[in-house]
Amino acid sequence: QQPVQSPQAVILREGEDAVINCSSSKALYSVHWYRQKHGEAPVFLMILLKGGEQKGHEKISASFNEKKQQSSLYLTASQLSYSGTYFCGTEGLSDTGKLIFGQGTTLQVKP
Amino acid sequence: KAGVTQTPRYLIKTRGQQVTLSCSPISGHRSVSWYQQTPGQGLQFLFEYFSETQRNKGNFPGRFSGRQFSNSRSEMNVSTLELGDSALYLCASRRGTGQETQYFGPGTRLLVL
């Protein structure tokens, strides 16, 4: 039931791009993306809704393939501030309101 | 607009004791969810409350319980604490339930000795 994220960890240089994937085995109502820095709470990045609507940051984009129950988060021209752990949270059609998170992807951006 | 607040921020308890954590959602938000975060298990869903009713529940033992008040504030209680309950407990609020952006509070760090 827990979504699966890949890769588990990524190391980038400033200015490089990254893609983080999230895959679920159940029909999804929405996908949420968060970034968490060490010792802090998760911060909202993006929400993708069944039906195609997206809301989130300007510099971060994401996709949601409803047929495959997969989502990808695209980080372009990465900055040092992008470092942290990225979580996808999925909300199923059968249990709306219950947001289940993947195991996280650790992203490190180096100068 | 003030964010989600949680009290206390840090707590130390001993095995067998019980603990109550509090969460005040963003004004206008009626849904509150609770999560347990540990290095080994990640972010795990505990339960969700909406308009004082528990709508969803995760796979935690009955020692974990919660409630929501008419002003949407929520409390979480853990009875008979175990060492494994040491974790960061996060609450998150959103306006409604389903397809809504959820905002996290700073969390309560619980250490059980």
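Residues numbered from 1 in each chain as written. Chains lettered and ligands numbered in written order. Predicted model: local features only at pLDDT ≥ 70, side-chain atom pairs only at ≥ 80, totals over all residues. Heavy atoms only, no water.

### Brief notes about the overall build of chain B
Thought 1: Along chain B, the regular secondary structure elements total zero helices and 11 strands.
Thought 2: Helices (α) and strands (β) of chain B occur, in sequence order from the N terminus, as β-β-β-β-β-β-β-β-β-β-β.
Thought 3: For 113 residues, the compact-globule formula gives about 13 Å, and the C-alpha radius of gyration of chain B, at 13 Å, lands near that figure.
Thought 4: In terms of principal-axis extent, the alpha carbons of chain B reach across some 35 × 25 × 25 Å. (Helix = DSSP H or I, 4+ residues; strand = E, 2+ residues; numbered from the N terminus. Rg over C-alpha atoms; globule rule 2.2 N^0.38 Å.)

### Some details on unusual backbone geometry
Thought 1: A cis amide bond links A:S6 to the next residue, A:P7, at an omega of -5°.
Thought 2: Each neighbour pair has its own omega, and for B:T7 with B:P8 the value is -10°, a cis peptide bond.
Thought 3: Looking at the element boundaries, B:P8 is found in the loop between β1 (5-7) and β2 (10-13).
Thought 4: The phi dihedral of A:A77 falls on the positive side, at around 45°, and the residue is not glycine.
Thought 5: For A:A77, the position within the fold is in the loop between β8 (70-75) and β9 (84-92).
Thought 6: In this structure, B:S51 takes a positive phi of about 50° despite not being glycine.
Thought 7: When you line up the elements, B:S51 lands in the loop between β5 (42-50) and β6 (53-57).

### Quick notes on the environment of A:P42
Thought 1: With respect to the element layout, A:P42 can be found in the loop between β4 (28-36) and β5 (43-49).
Thought 2: Sequence-wise, A:P42 and A:Y86 are 44 residues apart; in three dimensions their C-alpha atoms are separated by 8.6 Å.
Thought 3: Those residues in contact with A:P42 that sit more than four places away from it in its chain are A:Y34, A:R35, A:Q36, B:L43, B:L90 and B:F104. (Contact = heavy atoms within 4.5 Å.)

### Re the packing of aromatic side chains
Thought 1: As enumerated under the stated definition, the model contains 11 aromatic pairs over all chains in all.
Thought 2: An angle of 65° between the planes, with centres 5.7 Å apart, marks the rings of A:Y34 and A:F101 as edge-to-face. Of this pair, A:Y34 sits in strand β4 while A:F101 sits in strand β10 (residues 99-101), and the two are 67 residues apart along the sequence. For the residue pair A:Y34 and A:F101, the accessibility class agrees, reading buried in each case.
Thought 3: One aromatic cluster is present, built from ring pairs that chain together A:Y34, A:F44, A:F87, A:F101, B:Y35, B:F45, B:Y103 and B:F104. (Phe/Tyr/Trp six-rings, centres within 6.5 Å; stacked < 30°, edge-to-face > 60°. Buried < 20%, exposed > 50% of the residue type's maximum accessible area, 1.4 Å probe, protein only.)

### Examining the side chain of B:T108
Residues and elements named next belong to chain B.
Thought 1: Note on placement: T108 falls in strand β11 (residues 108-112).
Thought 2: In this structure T108 comes out as buried when scored by relative accessible area, which is 0%.
Thought 3: For T108, the side chain forms a polar contact with the main-chain oxygen of P8, separated by 2.5 Å.
Thought 4: Residues contacting T108, with those up to four places away along its chain left out, are Q6, T7, P8, R9, L21, A87, L88 and Y89. (Polar contact = N/O pair within 3.5 Å; in protein donor to acceptor, adjacent residues only side chain to side chain.)

### Notes on the pattern of salt bridges
All names here are of chain B.
Thought 1: Evaluated as defined, the whole model comprises seven salt bridges over all chains.
Thought 2: Among the ionic pairs, E82 bridges to R63, the shortest N-O distance being 3.6 Å. One end of the pair, E82, is in the loop between β8 (74-78) and β9 (87-94); the other, R63, is in the loop between β6 and β7 (64-68), and 19 residues separate them in sequence.
Thought 3: Note that D85 is salt-bridged to R63, the shortest N-O span being 2.8 Å. Of this pair, D85 sits in the loop between β8 and β9 while R63 sits in the loop between β6 and β7; the two residues are 22 residues apart in sequence, bridging distant segments of the chain. The same class applies to D85 and to R63, which are both buried.
Thought 4: Salt bridges here are not isolated pairs; linked through shared partners, they connect R63, E82 and D85. (Salt bridge = Lys/Arg side-chain N within 4 Å of Asp/Glu carboxyl O.)

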